[in-house]
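# Observations on the model geometry
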Amino acid sequence: MQTKLIDSIQEAAEILRCGGLVAFPTETVFGLGVDACHERAVERLFAAKGRPSDNPLIVHLSDSCYWPLAASELTHCAAILLEHFAPGPITVVLPKNPQICPAVTGGLSTVGIRIPSARPARDLLRAAGIPVAAPSANLSGRPSGTTWQSVLEDLDGRIDAILTIDVHNVGLESSVVDCTGQIPVLLRPGAVGLTELQKYFADARGLQPDEPLEAALINSPGLRHRHYQPKAKVRLVEAEAKWSDEPSQPPRRFAYAGMENPPNNMIVCQQYTSLAEFAQGFYEFLRAADRAAVDEVLIQLVTPAQAEQSGIAAALRDRQLRAAGLK
Ligand code: TXA
Ligand code: MG
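Okay, so let's go over this structure. (Residues numbered from 1 in each chain as written. Chains lettered and ligands numbered in written order. Predicted model: local features only at pLDDT ≥ 70, side-chain atom pairs only at ≥ 80, totals over all residues. Heavy atoms only, no water.)

## Some details on the packing of aromatic side chains
Describing an aromatic ring pair means giving the distance of the ring centres and the angle of the ring planes. Keep this limit in mind: Whether two aromatic rings pair depends on their centres lying within 6.5 Å, for rings of Phe, Tyr and Trp, where Trp uses its six-membered ring; planes under 30 degrees apart make the pair stacked, over 60 edge-to-face, and the rest tilted. Working definition: with a 1.4 Å probe on protein chains only, accessible area under 20% of the residue-type maximum means buried, over 50% means exposed, and in between means partly exposed. Under the scheme used here, helices are H or I runs from DSSP no shorter than 4 residues and strands are E runs no shorter than 2 residues, and both carry numbers assigned from the N terminus.
Enumeration over the complete set of coordinates arrives at 4 aromatic pairs. A centroid spacing of 4.7 Å and a plane angle of 20° characterise the contact between Tyr272 and Phe278, whose relative ring orientation is stacked. The burial state of Tyr272 is the same as that of Phe278; both residues are buried. Here Phe278 and Phe282 contribute two aromatic rings whose centre-to-centre distance is 6.2 Å and whose plane-to-plane angle is 70°, an arrangement assigned as edge-to-face. Remark: Phe282 and Phe278 occur in helix α9 (residues 275–291); sequence separation between them is 4 residues, near one turn of the helix. Linked through ring pairs, Tyr272, Phe278, Phe282 and Tyr283 together constitute an aromatic cluster.

## Regarding the environment of Arg287
Position of Arg287 among the secondary structure elements: in helix α9. For Arg287, a relative accessible area of 0% puts it in the buried group. Along the backbone, Arg287 and Gln10 are 277 residues apart, and their C-alpha atoms lie at a distance of 31 Å.

## Describing the nonpolar core
Defined as follows: Buried residues of nine kinds, namely Ala, Val, Leu, Ile, Met, Phe, Trp, Tyr and Cys, make up a nonpolar core once their side-chain atoms join them within 4.5 Å. Working rule for contacts: check all heavy atoms of both residues, and any pair within 4.5 Å makes them a contact.
If you look at the biggest cluster of nonpolar residues, it comprises 45 residues, and the most contacted ones within it are Leu81, Val104, Ile113 and Leu197. Not counting residues up to four positions away in its chain, the partners in contact with Ile113 are Ile58, Val59, Leu61, Trp67, Ala70, Ala71, Ile90, Thr91, Val92 and Leu94. Ala279, Phe285, Leu286 and Ala315 belong to the second-largest nonpolar core, a separate cluster that totals 30 residues.

So, to be careful, I would describe these as geometric facts and stop short of saying anything about function.
And the structure:
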């Protein structure tokens, strides 16, 4: 299959309506869209990504008012969160509408719904007029694609088209929030953090570190799978002092990402001036490290204190721990 690079929203919408696979930009990362009610197309999408069939997809809508297309009930908790945070980088998990293919939700009775805020994504969803299931546009287990070039690197020849429009993105995926109960539970940290959720639900919580894994997996099957791990070994470092004494001479080749002064002789080096910028560039950094075939990746770990300051900082720490295989 040839993957078309296109810049027309109408053309992208037409491909989706005909059961095709189209990657498109959102304010978090690029999504790989498919008609959520078209069973064969959904199967093709799982195959294109190499995604385990029990890891559910998020259904994207152009506006919160279309929730009945994907969910069977809008809980109080979801209504409040959508009112305040949608459109934007949040996914609410609700009881599923049977019209959505069982394959989309990996057989679960719930469905994640998201209303992206990026203009091209909303225009595309409006033009397509259908609920669009869209995982991040990358091969399963690779960092999410945050540029169309990275999407092409992973999915060339496997999908029908890529909408090559650039948007400013957060760089990390949306916050996934279980809204099936009375109180929201943050299943995957994203730009909307626990503090923001607690403004509306004082008892909102994340998954507890000591929560029995079984229960956590039922609520968030994606946690079971490996994510974002680069080919090289990842070493998380908390402060400059810990690595500044270490030799970085050949033959070992290092990559570094962080806000401190980098060690010498890095083959790939990303120094950021803020955590938001760090988050935005993080997946591209991991890809660059893979391309350069470094032996070891050094990443300055966001501290627990920093992670408490903002949603995006907490999300970045979460992705850093996953990249190191520690989650
Ligand atoms: O920002 C995002 O969310 C991006 C853009 C494209 O919208 N999408 C994205 O999709 O990150 P994906 O498939 O890479 O990650 C979806 C996550 C997985 O961890 C999955 O387990 C979880 O959402 N999820 C989806 N449906 C769920 C459900 N019904 N219950 C619990 N977790 C769910
Ligand atoms: Mg993903």
